[in-house]
Amino acid sequence: MNALFIAHKHYGSLLLVLVLAVIIVALVKGPKPVFQRIVAVLVDINLVVGLVAVLQVGSRNVSWLHPIFALGAVGLLHAGAKSEDKAKVVRCFSIALVLLVAAWSVNASWGPSFFKDEKTGQPILPIKSIPAATQPATGK
């Protein structure tokens, strides 16, 4: 397996815990904008690592739903990152956590069947690998 793919996978698992930690801290001690912004940026970094991993590996089928859910989560994380409103932070980070788990489950073997093709078990709407560039026929 590709090292970037492994890093994206394990780093993503850690980020789920950090997003949950932001929710718990906001509920117990109140919002902490510095911590919230750090977590949002860490999720951004994992998004970039995942994009590079998909472009580098190429042969692994990854559903388009995975980056769509991740981008939705990133948007919500940034929407709540600077806020000191407890309800907004908890709401944004909670929905983002659900979206990140959904993004994880799209490609996971344990994920819901409605994210997968019934015949092949592959993700619906897979990102196909890009074939190598070929030289066009010149007709000579």
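A quick note: this is a predicted structure, and the numbers were derived from the prediction, not measured. (Residues numbered from 1 in each chain as written. Predicted model: local features only at pLDDT ≥ 70, side-chain atom pairs only at ≥ 80, totals over all residues. Heavy atoms only, no water.)

### Some points on the overall build of the protein chain
Defined as follows: Elements are defined by DSSP. Helices are runs of H or I of four residues or more, strands are runs of E of two residues or more, and each kind is numbered from the N terminus. Burial classification: accessible surface area is computed with a 1.4 Å probe over protein chains only, and a residue below 20% of its type maximum counts as buried, one above 50% as exposed, and the rest as partly exposed. All accessible areas in this document rest on Shrake-Rupley with a 1.4 Å probe, and a residue is counted as covered only by the protein chains that are shown.
Helix and strand content of the protein chain: four helices and two strands. What you see in the protein chain, going N to C, is helices and strands ordered as α-α-β-α-α-β. Out of the 140 residues belonging to the protein chain, those deemed buried represent 35%. Surface exposure of the protein chain reaches about 8700 Å², of which carbon and sulfur atoms provide 69%.

### Concerning the nonpolar core
Convention followed: To qualify as a nonpolar core, a set must consist of buried Ala, Val, Leu, Ile, Met, Phe, Trp, Tyr and Cys residues joined through side-chain atoms within 4.5 Å. Should any heavy atoms of two residues lie within 4.5 Å, those residues are considered in contact.
Val19, Ile23, Val43, Leu77 and Phe93 are the most contacted members of the largest nonpolar core, which has 19 residues in total. Contributions of two or more residues to this core are made by helix 1 (3-28), helix 2 (33-57), helix 3 (65-81) and helix 4 (86-107). Once residues within four sequence positions are removed from consideration, Leu77 is found in contact with Val19, Ala40, Val43, Phe93 and Ala96. Judged by nonpolar contacts, the second largest core, of five residues, contains Leu65, Phe69, Ala103 and Val106.

### Quick look at the side chain of Asn46
Position of Asn46 relative to the elements: it lies in helix 2. The contacts of Asn46, once residues within four sequence positions are left out, are His8, Tyr11, Gly12 and Leu15.

### Focus on helix 3
The cut-off we apply is this: To estimate the expected span of a helix, subtract one from its residue number and multiply by 1.5 Å.
Spanning 17 residues, helix 3 covers 24 Å between terminal C-alpha atoms, matching the ideal 24 Å at 1.5 Å per step. Looking at helix 3, one finds that the buried residues are Leu65, His66, Phe69, Ala70, Ala73, Val74, Leu77, Gly80 and Ala81.

### Some details on the environment of Asn61
Positionally, Asn61 belongs in the loop between helix 2 and strand 1 (62-63). Judged by relative accessible area, which is 23%, Asn61 ranks as partly exposed. For the pair Asn61 and Asn107, spaced 46 residues apart in sequence, the C-alpha to C-alpha distance is 8.4 Å.

### A look at the packing of helix 3 against helix 4
Quick reminder of the rule: Lines fitted to C-alpha atoms define the axes here, with helix axes fitted over just the stretch in contact, and angles between the N-to-C directions of these axes take values from 0 to 180 degrees. Orientation labels follow simple angle bins: below 35 degrees gives roughly parallel, above 145 gives roughly antiparallel, 65 to 115 gives roughly perpendicular, and whatever is left gives oblique. If you view the pair so one helix is near and one far, a crossing is left-handed when the near helix is turned anticlockwise from the far one by less than a right angle, and right-handed when it is turned clockwise. When residue character is reported, Ala, Val, Leu, Ile, Met, Phe, Trp, Tyr, Cys and Pro are called nonpolar, Asp, Glu, Lys and Arg charged, and the others, Gly included, polar.
Two numbers describe how helix 3 lies on helix 4: the axes approach to 8 Å, and their chain directions differ by 165°. Relative to helix 4, the element helix 3 lies roughly antiparallel. As helix 3 packs across helix 4, the resulting crossing turns out to be left-handed. Taken together, the residues of the contact of helix 3 with helix 4 break down into 19 nonpolar, four polar and one charged.

### Some points on helix 1
If you check helix 1, its first and last C-alpha atoms are 37 Å apart, about what 26 residues at 1.5 Å a residue would give, namely 38 Å. A positive phi of about 100° marks Gly30, the residue just after helix 1.

### Comments concerning the confidence of the model for the protein chain
Inclusion rule: A score from 0 to 100, pLDDT tells how confident the predictor is in each residue.
Confidence in the prediction of the protein chain, expressed as mean pLDDT, is 83, and 77% of residues score 70 or more. In the predicted structure, residues 129-135 sits below a pLDDT of 50 and forms two contacts with residues beyond four places in sequence or in another chain.

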